[in-house]
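One-letter residues, chain by chain:
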Amino acid sequence: MNCAVAVLDSNSGGISAMACAPGFNPNEIDSYLESGDNELVNKVTQGQYAPGSVFKIIMAAAALEEGIGPDRVFACSGYTDTEGLKIKCETGGDEGHGKISMNQAFAYSCNSYFIKLGKELGSDKIIEYAKRFHLGEKAFEGYPQESTGYLMDESQRLGAAVANLSIGQGETLVTPLQIARITNVIAGGGIDKGVHILMEEEAADEQIISKNTAEKICEMMESVSDYGTAGFLEMKEADGSVQAAVKTGTSEYVSNGVTETNAWI
């Protein structure tokens, strides 16, 4: 199994920890050169993956900043059909969620809702906010062999492609460190502290989204672990209060002709 973990300090943007597996023995480098498990790749900074539903953090931020409230309702019938591209709502079952608000759609990770939201926002606006959160660029300055990820260009997001863009599928690629940075903006009240590996580096505060928007998204992320797609983790105190604000995601990719999935939290 391949996995990566990144932990950032929301006060400074400093990296508290990052790790990935499988690892390697530095005394036996030659034995990994022909391996297919990418043991020599730092998956936190170099691994590029489709974000899946964790991209809905950006979708919610774009909507709230553009005046679409968390109570905005769309109907989920179990799937959406965008110019012949039919995408199922994986959490809504055959009948769908019915009428559902942004708050609920975020908790249940309703694809239908966010695709309809994406159509209303438009692909240009979605990409604008993805760039605000510094997707498509390196998180570090001067860090060796870091990947930039990839944002769909204008030709790739025409027509029905906005559906895949809205739920973090298609050609969009991100690194785990980039996603950690996005969630750090939410934890930091809408302020991006950057990402720092050295304690003496100063945080360059940048207001990405308003504090109000960040607080609303944080509440949505709490609902994910309260009653949504991460409710099974039981991240609650004895008094019923939520212990964590999270977003889950599952993205599909094809490897050697076989469809595989990446899981995010």
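Heads up: these notes are all about the structure in this document. (Residues numbered from 1 in each chain as written. Predicted model: local features only at pLDDT ≥ 70, side-chain atom pairs only at ≥ 80, totals over all residues. Heavy atoms only, no water.)

### Structural notes on the overall build of the chain
Step number 1: Check the secondary structure of the chain and you find 7 helices and 10 strands.
Step number 2: Over its C-alpha trace the chain gives a radius of gyration of 19 Å, about what one expects of a compact globule, namely 18 Å for 265 residues.
Step number 3: Contacts in the chain between residues far apart in sequence, at least 24 positions, make up 61% of those at least 6 positions apart.
Step number 4: If you sum the accessible surface of the chain, you get close to 13,200 Å²; carbon and sulfur atoms cover 47% of it. (Helix = DSSP H or I, 4+ residues; strand = E, 2+ residues; numbered from the N terminus. Rg over C-alpha atoms; globule rule 2.2 N^0.38 Å. Contact = heavy atoms within 4.5 Å. Areas by Shrake-Rupley, 256 points an atom, 1.4 Å probe, with all protein chains shown as cover.)

### Quick notes on the packing of aromatic side chains
Step number 1: The tally for this structure, following the rule as stated, stands at 7 aromatic pairs.
Step number 2: Taken together, a centroid distance of 6.3 Å and an interplanar angle of 75° make the contact between Tyr49 and Trp264 edge-to-face. Taken together, the residues Tyr49 in the loop between strand E2 (15-21) and helix H1 (56-65) and Trp264 in strand E10 (residues 258-264) connect sequence positions 215 residues apart.
Step number 3: By relative accessible area, which is 22% here, Tyr49 ends up partly exposed.
Step number 4: Each ring, one from Tyr113 and one from Phe114, has its centre 5.5 Å from the other, and the planes form 65°; the classification is edge-to-face. In this structure, Tyr113 and Phe114 share a single accessibility class: buried.
Step number 5: Between the NZ or CZ atom of Lys86 and the centre of the ring of Tyr79, over which it lies, the distance is 4.3 Å.
Step number 6: The ring of Phe106 is capped by Lys247, whose NZ or CZ atom sits 5.5 Å from the centre of that ring. (Phe/Tyr/Trp six-rings, centres within 6.5 Å; stacked < 30°, edge-to-face > 60°. Buried < 20%, exposed > 50% of the residue type's maximum accessible area, 1.4 Å probe, protein only. Lys NZ or Arg CZ within 6 Å of the ring centre and 35° of its normal.)

### A word on helix H6 (residues 176-187)
Step number 1: Compared with the 16 Å implied by 1.5 Å per residue over 12 residues, the 16 Å span of H6 between its first and last C-alpha is a close match.
Step number 2: Looking at the packing, one finds that the buried side of H6 touches strand E1 (3-8), E2, H1, strand E7 (191-192), helix H7 (211-226) and E10.
Step number 3: Phi for Gly189, located one or two positions after H6, is positive at around 70°. (Expected span 1.5 Å × (residues − 1).)

### Some remarks on the nonpolar core
Step number 1: Among the nonpolar cores identified, the biggest contains 53 residues, and Tyr113, Ile209 and Ile217 are the most heavily contacted of them.
Step number 2: The set of elements that each furnish at least two residues to this core consists of H1, strand E3 (73-76), helix H2 (102-108), helix H3 (111-121), helix H4 (123-132), helix H5 (161-166), H6 and H7.
Step number 3: Among residues more than four places away in sequence, those in contact with Tyr113 are Arg72, Val73, Phe74, Ile100, Ser101, Met102 and Ala105.
Step number 4: Core analysis: the second largest hydrophobic core is formed by 8 residues, Leu8, Ile15, Ala139 and Leu177 among them. (Core = buried A, V, L, I, M, F, W, Y, C linked by side-chain atoms within 4.5 Å.)

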